[in-house]
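Listed below are the residues making up each chain.
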Amino acid sequence: MQTEEKQQIAPSETTQPAHASTFARVGLLMYTFLIIYASLYPFSNWSDIGLPLWAFLIMPMPHYWTGFDVATNVIGYLPFGMLVVFALYPHLRGLPAVIVAVFAGVMLSGSLEALQTFLPNRVSSNLDFLTNLAGTCIGAFLGAPLTHAFLEQSRLLQLRRDWFVPDAGRGLIIAGLWPLAQIYPQGYLFGHGQVMPILSNWLSEWMESPVDLVALMTRDIQLTVQEYWLAETLITAFGMIGAMLTWSILLRKQAPRPMLLLTFFAVALGVKAMANALLFSPANAVAWLTPGAKGGLLIGTMMVGGLSYAPPVAQRWLAALALVLGFIAINLVPANPYFVATLQAWTQGKFLNFNGAAHFLSIFWTFFALWFLLHPAHRLKRV
């Protein structure tokens with residue numbers, strides 16, 4: 001009799017209720033910001049040309065378009081549709097979730113195409129709107145049947161439970177964006193959060209006269225070659241330590257820590273090399289590997305190797321400190337003349353949308369990481 005009762009109780013005890021995915025919801029929020037930034041980049045020369053906001057809907061189809069543009073629009077919105085479906089789980093599933101996702105894609109794409117009417121550097125188009133909507137639909141219809149595999153039962157979920165702390169969803173998204181933040185060309189390796197040039201441009205347009213905040217703060221200090229080298233070493237080391245320790249605090253004690261740390265770092269460098277080869281030329285794939293960057297990588301490797309087994313609280317605060325110091329350094333050190341000369345050979349062209357998204361990650365990744373590291377709700381415990 002007792003055995004029968006245990007058999008009847010066991011299934012209910014092992015059944016896990018459906019939970020909303022923090023990973024999907026935070027990912028949707030960040031991906032939406034990424035789309036907005038990429039669609040409105042470079043946020044300059046706003047002007048009213050007298051057209052209504054919905055004019056792009058009734059205009060003839062553009063005569064000139066490329067397969068690259070169509071593919072970019074479809075692929076760009078495909079993850080958005082999928083993330084909306086995942087973010088609605090478990091409150092909405094199946095067809096209702098797909099309908100909401102498609103409606104969200106219509107509103108987002110339509111609003112951004114309307115705003116592009118005011119940007120002379122961008123061209124609002126009904127073709128872009130339709131291809132964006134197509135990408136959202138594909139993502140939504142793919143996401144609906146994949147919900148069970150990704151959010152309820154899968155090998156990936158099991159690995160996540162085995163290797164990462166329970167509340168790692170937000171941290172995994174932020175850490176996962178770090179390799180993608182390497183795509184945008186940077187003056188210094190891992191030198192994210194460089195906001196001074198943007199603020200200087202905004203102030204220059206507002207005051208209608210050139211403003212250089214870095215020059216004002218440093219009083220036009222001229223750095224020698226050795227000082228540029230030292231600055232690059234420190235910026236690279238701070239960026240590497242901050243990112244790698246952010247990744248490290250997400251890992252459980254039983255996780256294969258060395259393998260996961262090395263893989264994470266190798267992916268970031270691989271993305272950096274492929275982006276340089278694509279945006280410039282294959283010969284420039286590792287042009288960022290300067291003597292200063294090598295020194296920073298050496299220092300960062302030694303520091304991460306020693307701190308990766310430190311208590312999580314210490315890792316979190318040291319990661320935040322490294323990111324803050326790197327942020328200060330990258331915004332006080334004058335632009336590297338070699339880097340400025342290199343950028344002059346960069347023709348953005350059809351990569352304007354892509355460049356906008358990469359620029360967004362390059363600037364804001366440091367702020368996302370600091371938000372995660374310093375927010376009380378995200379102070380993870382070692383399990």
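Relevant structure appears above.
The structure displayed is predicted, hence computed values, not measured ones. (Residues numbered from 1 in each chain as written. Predicted model: local features only at pLDDT ≥ 70, side-chain atom pairs only at ≥ 80, totals over all residues. Heavy atoms only, no water.)

Chemist: Whenever I open this one, the overall build of the chain confuses me. Can you help?
Modeler: When its secondary structure is counted, the chain shows 16 helices and zero strands. Buried residues in the chain amount to 46% of all 383 residues. Here the chain has roughly 20200 Å² of accessible surface; of this, 70% comes from carbon and sulfur atoms. (Helix = DSSP H or I, 4+ residues; strand = E, 2+ residues; numbered from the N terminus. Buried < 20%, exposed > 50% of the residue type's maximum accessible area, 1.4 Å probe, protein only. Areas by Shrake-Rupley, 256 points an atom, 1.4 Å probe, with all protein chains shown as cover.)

Chemist: Can you help me understand the packing of helix 8 (residues 169–181) against helix 11 (residues 225–248) in this one?
Modeler: Where helix 8 contacts helix 11, the two axes come as close as 9 Å, and the packing angle between them is 145°. As helix 8 packs across helix 11, the resulting crossing turns out to be left-handed. Seen from helix 8, the contacting residues are Leu-172, Ala-175 and Trp-178; seen from helix 11, they are Gly-239, Ala-243, Met-244 and Trp-247. Considering only residue class, the contact of helix 8 with helix 11 consists of six nonpolar, one polar and no charged. (Axes fitted to C-alpha atoms, helices over the stretch in contact; angles between N-to-C directions. Left-handed = near helix turned anticlockwise from the far one by under 90°. Contact = heavy atoms within 4.5 Å. Nonpolar A, V, L, I, M, F, W, Y, C, P; charged D, E, K, R; others polar.)

Chemist: What should I look at first to understand the environment of Leu-325 in this one?
Modeler: Relative to the helices and strands, Leu-325 is located in helix 14 (residues 312–332). Distance in space between the C-alpha atoms of Leu-325 and Gly-242 is 9.7 Å, their sequence separation being 83 residues.

Chemist: Would you mind showing me how to read the packing of aromatic side chains here?
Modeler: What describes a pair of aromatic rings is the distance from one ring centre to the other and the angle between the planes of the rings. Considering all chains together, one arrives at 11 aromatic pairs under this definition. Arranged with centres 4.6 Å apart and planes meeting at 10°, the rings of Trp-247 and Phe-264 form a pair that is stacked. Of this pair, Trp-247 sits in helix 11 while Phe-264 sits in helix 12 (residues 257–279), and the two are 17 residues apart along the sequence. Each ring, one from Phe-360 and one from Phe-364, has its centre 5.0 Å from the other, and the planes form 40°; the classification is tilted. Of the two residues, Phe-360 and Phe-364 both sit in helix 16 (residues 352–374), four residues apart, roughly one turn of that helix. (Phe/Tyr/Trp six-rings, centres within 6.5 Å; stacked < 30°, edge-to-face > 60°.)

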